[in-house]
Amino acid sequence: MSLDQPLAPLPQEGMGFASTWPIRAGDVDPYDRLRFDAIARYLQDIAWENLHKTSLNRTDPNWIVRRTVIDVIRPILWPDEVRLLRWCSAMSTRWTNMRVRVTSSNGGLIETEGFWINISGATGMPARISDEGLAYLAQTTQEHRLRWRPYLTDATPAESDTDMPFPVRATDIDQYNHVNNACYWQAVEQFMVEYPKLLAGPHRAVIEYVAPVLARQHVTVRSRYEPGDRTGRPVLRLWFVVGGATTTVVRIMPLPA
């Protein structure tokens, strides 16, 4: 897949890991739209359930996400109930693409894909997935040569007056002493207030984590909005910067046809 390609299709009927829960009031914006940060937490929650209700909890318990793609095809609005279906769409011996389809009782549809890396609990470095884990993941994909390739390669722009501080709170820090990946989407939502046109139709949001952000680090978000790029579509680009180094990159744009 590349930035403009559709996500992998559903596996065979009855395959994948599924769960359901109601949307909470704290998951939505003033217009009842399910927010990006809430979607990101849902992806973490379904991953945790998947891990702890299969052998992966025993064989391959430690994972980090390197990239998340969120395609909002039909927005999900509160009040409603969501159903999440999670499956492996491509894999290698150390990482995997995990697709999650989010549907709602009232007809909402959000398609997502996450690039997840298996991590050694001892070293914190990428590690080979166990044979049992590989067999489990292979149930829903024939693609066993997945390679990492960044989608977001635009150079970080220079510092400007439009840069936005992004204070890191104690509640943003996870068990690895990093800013939890869902928290970055809170900054994305802050920009969405200024660019509602991007949410008016089906849209794609992509985030890539280049380096972790630690507790007490000072984060600045740089932004560039183009009302119409060379394809005629508006694009919002964001760069999270710590001490002059880019740690995270985001792009939001209309969903490619």
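Quantities reported herein were computed from a predicted structural model and do not represent experimental measurements.

Nonpolar side chains in soluble globular proteins generally cluster together in the buried interior. Counting residues in each nonpolar core, the largest one holds 56 residues, and the members touching the most others are F36, W185 and I252. With 9 residues, helix α1 (residues 36–52) is the single largest residue contributor to this core. For this core, the two domains that each supply at least three residues are domain 1 (17–138) and domain 2 (164–254). Residues within four places of I252 in sequence aside, it is in contact with V188, M192, L198, R204, A205, P234, V235, L236 and L238. Residues L152, V235, W239 and M253 belong to the second largest nonpolar core, which totals 11 residues.

Further remarks concern the UniProt feature "domain: Acyl-ACP thioesterase-like C-terminal" (unreviewed entry) in the protein chain. Per the UniProt record, "domain: Acyl-ACP thioesterase-like C-terminal" (unreviewed entry) is found at residues 158–221. Along residues 158–221, the helical share is 14% and the strand share 17%, with 11 Å between the first and last C-alpha atoms.

Further remarks concern the environment of A8. Considering the arrangement of structural elements, one finds A8 in the segment before β1 (17–22). By relative accessible area, which is 22% here, A8 ends up partly exposed. Along the backbone, A8 and M98 are 90 residues apart, and their C-alpha atoms lie at a distance of 9.8 Å. Each residue touching A8, except ones within four places of it in the same chain, is listed here: W87, S89, R99 and E113.

Mapped onto the elements of the fold, N50 is located in helix α1. N50 gets classed as buried once you look at its relative accessible area, which sits at 1%. Looking at N50, its side chain comes within polar contact range of the side chain of Y136, at 3.0 Å. Once you skip the residues sitting within four places of it in the chain, N50 turns out to touch F17, R86, M98 and Y136.

Definitions and cut-offs
- Residues numbered from 1 in each chain as written.
- Predicted model: local features only at pLDDT ≥ 70, side-chain atom pairs only at ≥ 80, totals over all residues.
- Heavy atoms only, no water.
- Core = buried A, V, L, I, M, F, W, Y, C linked by side-chain atoms within 4.5 Å.
- Buried < 20%, exposed > 50% of the residue type's maximum accessible area, 1.4 Å probe, protein only.
- Helix = DSSP H or I, 4+ residues; strand = E, 2+ residues; numbered from the N terminus.
- Domains from an automatic or database assignment.
- Contact = heavy atoms within 4.5 Å.
- UniProt positions renumbered as here; feature names shortened; annotations may be inferred.
- Polar contact = N/O pair within 3.5 Å; in protein donor to acceptor, adjacent residues only side chain to side chain.

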